[in-house]
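# Notes for the structure review
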Amino acid sequence: MILEGYGVKLHRLTEDKIELLRRWRNDPKIQQYMGYREHITAEMQKAWFKKIDNEHNFYFIIEYDGKEIGCINIKDVDYEKKTGEPGIFIWDDDYLNTDVPMRASFCQFDFIWDTLKLESLHIHVLKSNTRALRHNAFWGYEILPGQDDIELQEYILTKEDMLKNIKRTDRLKNILLKIA
């Protein structure tokens, strides 16, 4: 499965790419921002992939300009409750603080809202991860009550809340489509 739009391609994670993903995840520059920060062995990665390679988890390698630059996902999809938990990280430092994470997110949101038909998303973000907090605030994620003293905080975004921001996101979406 390949999702394509906004100048990016999202390639569904396949077994031949799990070592690449493991290498990225074990790097301190990525690992420090994850809820799980222990070293991941090859055996652990294989077991994890077998567990998530299904219709409830969609992990993608982000490709931009012919380069594999990061990972974006929607996991733990509950089709009855119409919810899931997305995530993203950019491995390639050349694409941090650019519009590429937004491009990948737009592509993923099209998949989440239009294909999977989800209505709300929950994320967990370290309160020290200011880059992720800014990225998620743009989309309209709101922190759940009682999270102030928790390091790994939970946020929610409903499709309805994102649609309230539609003018801002549509404007950016149109800009990204024109330059893609």
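In case you missed it, the structure is sitting above this.
Below you will find a few notes about this structure. Predicted model only: the values in this text are computed from it and were never measured.

### With respect to helix 3 (residues 42–52)
Each turn of an α-helix holds 3.6 residues, which means side chains three or four residues apart point in the same direction. Of all the residues in helix 3, the buried ones are Gln45, Phe49 and Ile52. For helix 3, the arc enclosing every buried residue in end-on projection is 75°, short of the 170-degree limit, so these residues lie on one face. Opposite the buried face of helix 3, by more than 90 degrees, sit the exposed residues Glu43, Lys50 and Lys51. In this fold, the buried residues of helix 3 make contact with helix 1 (18–26) and strand 3 (58–64).

### So, the pattern of salt bridges
Enumeration over the complete set of coordinates arrives at 6 salt bridges. One salt bridge in this structure joins Glu68 and Lys17, with 2.7 Å as the shortest N-O distance. Taken together, the residues Glu68 in strand 4 (residues 67–78) and Lys17 in the loop between strand 2 (8–12) and helix 1 connect sequence positions 51 residues apart. Judged by its relative accessible area of 25%, Lys17 is partly exposed. Lys82 is the partner of Glu119 in a salt bridge, and the nearest nitrogen-oxygen pair spans 3.9 Å. Of the two residues, Glu119 sits in the loop between helix 4 (100–115) and strand 6 (120–126) while Lys82 sits in the loop between strand 4 and strand 5 (83–90), which places them 37 residues apart along the sequence. The class for Glu119 is partly exposed, based on a relative accessible area of 44%. For Lys82, a relative accessible area of 32% gives the class partly exposed.

### Considering the packing of aromatic side chains
This model, assessed by the stated rule, comprises 11 aromatic pairs. These aromatic residues form a ring-pair network of at least three members: Tyr6, Phe106, Phe109, Trp113, Phe138 and Trp139. The residue whose ring lies beneath Lys29 is Trp91, and the NZ or CZ to ring-centre distance is 3.9 Å.

Calculation notes
- Residues numbered from 1 in each chain as written.
- Predicted model: local features only at pLDDT ≥ 70, side-chain atom pairs only at ≥ 80, totals over all residues.
- Heavy atoms only, no water.
- Buried < 20%, exposed > 50% of the residue type's maximum accessible area, 1.4 Å probe, protein only.
- Helix = DSSP H or I, 4+ residues; strand = E, 2+ residues; numbered from the N terminus.
- Arc of directions from axis to C-beta.
- Contact = heavy atoms within 4.5 Å.
- Salt bridge = Lys/Arg side-chain N within 4 Å of Asp/Glu carboxyl O.
- Phe/Tyr/Trp six-rings, centres within 6.5 Å; stacked < 30°, edge-to-face > 60°.
- Lys NZ or Arg CZ within 6 Å of the ring centre and 35° of its normal.

It is worth stressing that arrangement in space is one thing and function is another; only the former is reported here.
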